[in-house]
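Spelled out, the chains give:
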Amino acid sequence: MSLSTRLLPSIASLRALEALDRLGSATAVADELNQTQSAVSRQLQALEAHLGIQLILRERKRMILTPAAQDYVNEVRAALQQIAQASLNLRVNPEGGNLNLAILPTFGMRWLVPRLSEFSKLHPEVTVNMSTRLLNVNFAAEPFDAAVQYGEGDWAGSGHLKLMSEQVLPVCAPDLIAHQTIAHPRDLMDYPLLQIQTRPQAWAQWFATFGVSADKVSGTMFDQFSTIMQAAIHGLGIALVPDYLAQSELKSGRLVPAYGSATRSLGSYYLVWPKEKARKQALTLFRDWLATQAETEDGLPR
């Protein structure tokens, strides 16, 4: 897409506006950008003149962004972050081949990272930079090329590759149910049911597969599977977790199934990318390799 240079303000003036929004004063902006206060003021005035709109309300010694300027600076900040990230990528790997990837913490640690050495051997020219995210990525606001996310594959404006279906299993410390008889899923309601922050309906959905209504499940909330697993190990309650995460703990006996066997959950794990990044070489190589690691519909490796 070609843009007229008349529409593009200087980077220096945009940096000054973004810093003013964060810091709240021209003095603080000048310190951060290593400029004089008068230079910062001139840049802000030049930006207003360039755009033909007032961006700043000047009240005595205070400078306040207008509502329109606040909306504008949010978009500018994302663009500046992308420019900074692109510059860093070029410096780190002048030959190209950087992939900025967001990953779910526990899935990334247990499923993806152990496989990455194979990709590195096949494509040493590609550097995979990873950051953890608990929620789905907003590609318009964050400088990621792709993300590993959990869901049902319905992300608008994005391409996706299914990596693995998920089966969940209620697990707990052996002592928690050692002298009890759990004959039916509803019996679990007599125990503390540990919950994961990003899946508030997980227990209700699990109970529903057995025909049990459980719309108001209460229990301690955790933000990651790694912490909820530790809580279950130490007897704080029953955790509903993906079965692949609990394999070693079940094998060692630190956890036991609280009821039955694993059941298919509603979501799956996907590699997701914005369509405008679909042809990026590093992403194409990574996506093609990851397709060889993904499961088929029957749960077997391809």
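Residues numbered from 1 in each chain as written. Predicted model: local features only at pLDDT ≥ 70, side-chain atom pairs only at ≥ 80, totals over all residues. Heavy atoms only, no water.

A. Representation of the overall build of the protein within the structure. Helix and strand content of the protein: nine helices and 11 strands. The C-alpha atoms of the protein give a radius of gyration of 25 Å, which is well past the 19 Å a tight globule of 302 residues would have. Taking the contacts inside the protein whose residues are at least 6 apart along the sequence as the reference set, 73% of them involve residues at least 24 apart. Accessible area for the protein stands at about 16,800 Å²; split by element, carbon and sulfur atoms hold 52% of it. The distance from the centre of the 27 positive side-chain charges to the centre of the 28 negative ones in the protein is 6 Å. (Helix = DSSP H or I, 4+ residues; strand = E, 2+ residues; numbered from the N terminus. Rg over C-alpha atoms; globule rule 2.2 N^0.38 Å. Contact = heavy atoms within 4.5 Å. Areas by Shrake-Rupley, 256 points an atom, 1.4 Å probe, with all protein chains shown as cover. Lys, Arg positive; Asp, Glu negative; His and termini not counted. Charge placed at Lys NZ, Arg CZ, Asp CG, Glu CD.)

B. Spatial organisation of unusual backbone geometry. Notably, N34 is not glycine yet its phi reads approximately 60°, a positive angle. Of note, N34 is situated in the loop between helix 2 (26–33) and helix 3 (37–51).

C. Representation of the side chain of Q195. Relative to the helices and strands, Q195 resides in strand 7 (residues 193–196). Each residue touching Q195, except ones within four places of it in the same chain, is listed here: P200, W203, V217, S218, G219, T220, M221, F222 and I228.

D. Expanded view of the packing of helix 1 (residues 11–23) against helix 2. Here helix 1 crosses helix 2 at 125°, and the two axes come no closer than 9 Å. With respect to their mutual orientation, helix 1 and helix 2 come out oblique. For the pair helix 1 and helix 2, the crossing hand works out as right-handed. Between helix 1, through R15, A16, A19, L20, R22 and L23, and helix 2, the contact on the second element is made entirely by A26, A28, V29, E32 and L33. A per-class count over the contact of helix 1 with helix 2 returns eight nonpolar, no polar and three charged. (Axes fitted to C-alpha atoms, helices over the stretch in contact; angles between N-to-C directions. Parallel < 35°, antiparallel > 145°, perpendicular 65-115°, else oblique. Left-handed = near helix turned anticlockwise from the far one by under 90°. Nonpolar A, V, L, I, M, F, W, Y, C, P; charged D, E, K, R; others polar.)

E. Helix 1, seen in detail. With 13 residues, helix 1 extends 18 Å from end C-alpha to end C-alpha; this agrees with the ideal 18 Å at 1.5 Å per step. Just past helix 1, the residue G24 takes up positive phi, approximately 85°. (Expected span 1.5 Å × (residues − 1).)

F. How the structure looks around the pairing of strand 2 (residues 62–65). A one-sided burial pattern is seen for strand 2, the buried positions being M63 and L65 and the unburied ones R62 and I64. The pairing of strand 1 (residues 56–59) with strand 2 spans four bridges and is classified as antiparallel. Pairing of R58 across the sheet is with M63, part of strand 2. (Buried < 20%, exposed > 50% of the residue type's maximum accessible area, 1.4 Å probe, protein only. Pairing = 2+ DSSP bridges.)

G. Seen up close, the environment of A102. With respect to the helices and strands, the residue A102 is situated in strand 3 (residues 98–103). Note: C-alpha distance between A102 and T132 (30 residues apart in sequence) is 5.5 Å. Among residues more than four places away in sequence, those in contact with A102 are S131, R133, V137, F144, A146, A147 and V148.

H. A look at the nonpolar core. Of all hydrophobic cores here, the largest spans 41 residues; its most connected members are F107, L112, L271, F286 and L290. The contact partners of F286, leaving out residues within four places of it in the chain, are L99, L101, L112, L116, F119, V128 and L271. Listed in part, the 20 residues of the second largest apolar core include A16, V29, A30 and V76. (Core = buried A, V, L, I, M, F, W, Y, C linked by side-chain atoms within 4.5 Å.)

I. Region of the structure containing the side chain of T106. By secondary structure assignment, the location of T106 is in helix 5 (residues 105–122). Discounting residues that sit within four places of it in the chain, T106 has contacts with F225, S226 and L245.

J. Representation of the confidence of the model for the protein in the model. The pLDDT averaged across the protein works out to 89; a share of 94% of its residues lies at or above 70. Here helix 4 (residues 67–92) stands out as the least confident element of the protein, with mean pLDDT 85; strand 10 (residues 256–257) is the most confident, with 96. (pLDDT = per-residue confidence, 0-100.)

K. Focus on the environment of S25. Along the chain, S25 turns up in the loop between helix 1 and helix 2. A C-alpha to C-alpha distance of 8.5 Å links S25 and I64, two positions 39 residues apart in sequence.

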